[in-house]
Amino acid sequence: MAEQFDLIVIGSGPGGYVTAIRAAQLGLKTAIVERDQLGGICLNWGCIPTKALLRTSEIYHLMHRADEFGLSAKAISFDIRKVVERSRKVAGRLSGGVGMLMKKNKITVIEGTARLEKGRAAPKVIVTGKDKKDTAYEAKNVILATGARARTVPQAGLEPDGKQIWTYREAMVPEEMPKSLLVIGSGAIGIEFASFYKTMGADVTVVEMMDRVLPVEDEEISAFAAKQFKKQGMKLITGAQVEKLDKGAKSVKAAIKTKDGKNQTIEVEKVILAIGITGNVENLGLEDLGVKVERGHIVIDGYGATNVKGLYAIGDVAGPPWLAHKASHEGIICVEKIAGKNPHAMDTSNIPGCTYCHPQIASVGLTEAKAKEAGHEVKVGRFPFVGNGKAIALGEDQGLIKTVFDAKTGELLGAHMVGAEVTELIQGFMVGKVLETTEQELMHAIFPHPTLSEMMHESVLDAYDRVLHI
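The following refers to the structure shown. (Residues numbered from 1 in each chain as written. Predicted model: local features only at pLDDT ≥ 70, side-chain atom pairs only at ≥ 80, totals over all residues. Heavy atoms only, no water.)

### Some remarks on the overall build of the protein chain
(1) Moving on: Across its full length, the protein chain holds 14 helices and 24 strands.
(2) Moving on: Against the 2.2 N^0.38 benchmark of 23 Å for 470 residues, the protein chain shows a C-alpha radius of gyration of 24 Å, consistent with a compact globule.
(3) Moving on: With the principal axes as the frame, the protein chain shows a C-alpha extent of 70 × 60 × 50 Å.
(4) Moving on: Counting the 470 residues in the protein chain, one finds 53% classified as buried.
(5) Moving on: Across the protein chain, the fraction of contacts at a sequence separation of at least 24, relative to all contacts at a separation of at least 6, is 62%.
(6) Moving on: Of the accessible surface of the protein chain, which amounts to about 22,700 Å², a share of 51% is contributed by carbon and sulfur atoms.
(7) Moving on: In the protein chain, which carries 58 positive and 57 negative side-chain charges, the distance between the mean positions of the two groups comes to 5 Å. (Helix = DSSP H or I, 4+ residues; strand = E, 2+ residues; numbered from the N terminus. Rg over C-alpha atoms; globule rule 2.2 N^0.38 Å. Buried < 20%, exposed > 50% of the residue type's maximum accessible area, 1.4 Å probe, protein only. Contact = heavy atoms within 4.5 Å. Areas by Shrake-Rupley, 256 points an atom, 1.4 Å probe, with all protein chains shown as cover. Lys, Arg positive; Asp, Glu negative; His and termini not counted. Charge placed at Lys NZ, Arg CZ, Asp CG, Glu CD.)

### As for the state of the cysteines
(1) Moving on: All chains considered together, the criterion is met by one disulfide.
(2) Moving on: Sulfur of C334: no disulfide; nearest cysteine sulfur belongs to C42 and is 19 Å away. (Disulfide = S-S within 2.5 Å.)

### Examining the sheet that holds strand β15 (residues 270–273)
Either a parallel or an antiparallel arrangement is found when strands of a sheet pair, and the pairing is made through backbone hydrogen bonds.
(1) Moving on: Read across the open sheet, the five strands follow the order β8-β15-β9-β10-β11; overall the sheet is parallel. Because the sheet does not close on itself, it has two edges, and the strands there are β8 (165–166) and β11 (235–238).
(2) Moving on: Both strand β9 (residues 180–184) and strand β10 (residues 203–208) contribute to a ladder of five bridges, which runs parallel. Looking at β10, one finds that S180 is bridged to D203.
(3) Moving on: Sitting on the sheet, helix α6 (residues 188–199) touches β8, β9, β10 and β15, and the angle it makes with β10 is about 165°. (Pairing = 2+ DSSP bridges. Axes fitted to C-alpha atoms, helices over the stretch in contact; angles between N-to-C directions.)

### Focus: the nonpolar core
(1) Moving on: One finds F196, Y197, V204, F229 and I272 to be the most contacted residues of the largest nonpolar core, which totals 38 residues.
(2) Moving on: Elements supplying a minimum of two residues to this core: α3 (47–64), α4 (80–104), α5 (168–172), β9, α6, β10 and α7 (219–231).
(3) Moving on: The contact partners of Y197, leaving out residues within four places of it in the chain, are W166, A171, P174, M177, P178, L181, A202, V204 and I272. (Core = buried A, V, L, I, M, F, W, Y, C linked by side-chain atoms within 4.5 Å.)

### Description of the pairing of strand β2 (residues 30–34)
Looking along a regular strand, one sees side chains alternate from face to face of the sheet.
(1) Moving on: Of all five residues in β2, five are buried, a share of seventy percent or more.
(2) Moving on: Every second residue of β2 is oriented toward a common face, with T30, I32 and E34 on one face and A31 and V33 on the other, all of them buried.
(3) Moving on: Across four bridges, strand β1 (residues 3–10) lies against β2 in parallel orientation. Following the sheet pairing, L7 is matched in β2 by T30.
(4) Moving on: For the crossover that starts at β1, traverses helix α1 (residues 14–25) and ends in the parallel β2, the hand is right-handed. (Right-handed = clockwise from strand over helix to strand, strands pointing away.)

### Overview of the packing of α3 against α4
(1) Moving on: Interaxial distance between α3 and α4 falls to 8 Å at its minimum, and their mutual angle equals 145°. Like other packed secondary-structure pairs, α3 and α4 cross with a definite hand, here right-handed. Only V83, R86, S87, R88, V90, A91 and L94 of α4 make contact with α3, whose side of the interface consists of I48, P49, A52, L53 and T56.
(2) Moving on: Considering only residue class, the contact of α3 with α4 consists of eight nonpolar, two polar and two charged. (Left-handed = near helix turned anticlockwise from the far one by under 90°. Nonpolar A, V, L, I, M, F, W, Y, C, P; charged D, E, K, R; others polar.)

### Some points on the packing of aromatic side chains
Given two aromatic rings, their pairing is described by the distance between the two centres and the angle made by the two planes.
(1) Moving on: All chains considered together, the criterion is met by five aromatic pairs.
(2) Moving on: Between F405 and Y464, the ring centres sit 5.6 Å apart and the planes meet at 70°, which makes this aromatic pair edge-to-face. On the criterion of sequence distance, the pair formed by F405 in strand β23 (residues 400–406) and Y464 in the segment after α14 (454–463) is long-range, its members being 59 residues apart.
(3) Moving on: With relative accessibility at 0%, the residue F405 sits in the buried group.
(4) Moving on: On the accessibility criterion, Y464 (17% relative accessible area) is buried.
(5) Moving on: A connected cluster of aromatic rings, assembled from ring pairs, spans W166, F196 and Y197.
(6) Moving on: Lying across the ring of F5, K29 places its NZ or CZ 5.0 Å from the centre. (Phe/Tyr/Trp six-rings, centres within 6.5 Å; stacked < 30°, edge-to-face > 60°. Lys NZ or Arg CZ within 6 Å of the ring centre and 35° of its normal.)

### As for the sheet that holds strand β12 (residues 240–247)
(1) Moving on: Taken together, the three strands give an open sheet; going across it, the order is β12-β13-β14, and neighbouring strands pair in antiparallel fashion. Both edges of this open sheet fall to β12 and β14 (263–268), since each of them pairs with a single strand only. Sheet twist, expressed as the mean angle between neighbouring strand axes with direction ignored, is 25°.
(2) Moving on: By the bridge criterion, seven bridges tie β12 to strand β13 (residues 252–258) in an arrangement that is antiparallel. Across the sheet, the residue bridging to D246 is K253, located in β13.

### Some remarks on the pattern of salt bridges
(1) Moving on: Under the definition given, this model contains 26 salt bridges.
(2) Moving on: We note a salt bridge from K130 to E111, for which the minimum N-O separation is 3.9 Å. Residue K130 is located in the loop between β5 (124–128) and β6 (134–144), and its partner E111 is located in strand β3 (residues 108–111); the two are separated by 19 residues in the primary sequence. Side by side, K130 and E111 carry an identical accessibility label, which is exposed.
(3) Moving on: In the salt-bridge network here, residues are joined through shared partners; they are D218, E220, E368, K372, R382 and K402. (Salt bridge = Lys/Arg side-chain N within 4 Å of Asp/Glu carboxyl O.)

Put into structure tokens, the structure is as follows:
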């Protein structure tokens, strides 16, 4: 007889393992299935190791600015093998930590590749282990947290080969630093790698199909960031598409066509594909079960439920926004609903987005354009980093905080930032949105001095013609 559980979670990324922990806290007998490493893509090949690489590039950048701070640093260099080694150690440490959390919470870890078959209360989970043998497990509920992978376009040669054409995996472990690099796509993944490699000395070109880089961000923030990237020497080609990649012995030629019909060819050592992701929905048995899948993602309701009884999905496999913190929160909502609690349905408007390039980008809620499209009469506030004492003291005076309010109700509709440490600052506005804060509460809040967070206050004041320091 198959081993019985209250819940089986398939996938151990930030969505899966957090969900399993919350389920155990709620008293559910829980198992988690993982085919590779605990922590999933995020901890092993995504969020965490990329931040380790970006920290290295940040320090390297600051070392070259030593003279500005009255310091002296000679013959500054780096060893890419050691840079990569540190990143991998950081990832390994956190993956091991997930294993400890599983033991602490008495969660059964099942190693292998899972597929689903028709079961009783919920689909039966069949796991193929490393020995190629199948073991069946049954649970009252099954949650899919299988994540996503990089999208490719094989017909145009936009397909990784692990040598000259990379996805995020290969880009994270270069054996040597490329002299030239083409990044296809300017979302968070593409821009973060472009920022890392440019700072470390590569000649970087970014091609974006939309008319601006970071196209999901507020247009003003996107334009500010693009200006900074260009100052750093990054080449940006927008409103363009890579139609073909031709590999040579030691380089790749990219045929690029712009929307106005202009063609150009560039030659680089390496190419990074960052043209989006697609959910890991294959080979799970979803078709046989009749699970609804649209555009490579499983369709769910606000609590993670699919159209099949007892089967749920969370995180990247369930669609955008493709963010680790969204997956974790979505999983908690899902499992609390399963346990008979009364959680709020997922509200994607309160999910902050962060891009850890230089300068950093962060946002939550509606952009100015989206707010107007939704029918809001808006008040917009802005405050530049150049007007903040802490930013000037840090040597980071290039940035902007922007807030968008409903002019009639004072509701905070959105906040958008570019500059140093904004990925830490955005949480303040996120909490404000969740608490349904108006401009009055924000204006009466006292922000400590000297801090970067004072700019958040000033941006609110500016929306209502009360700004103090510009």
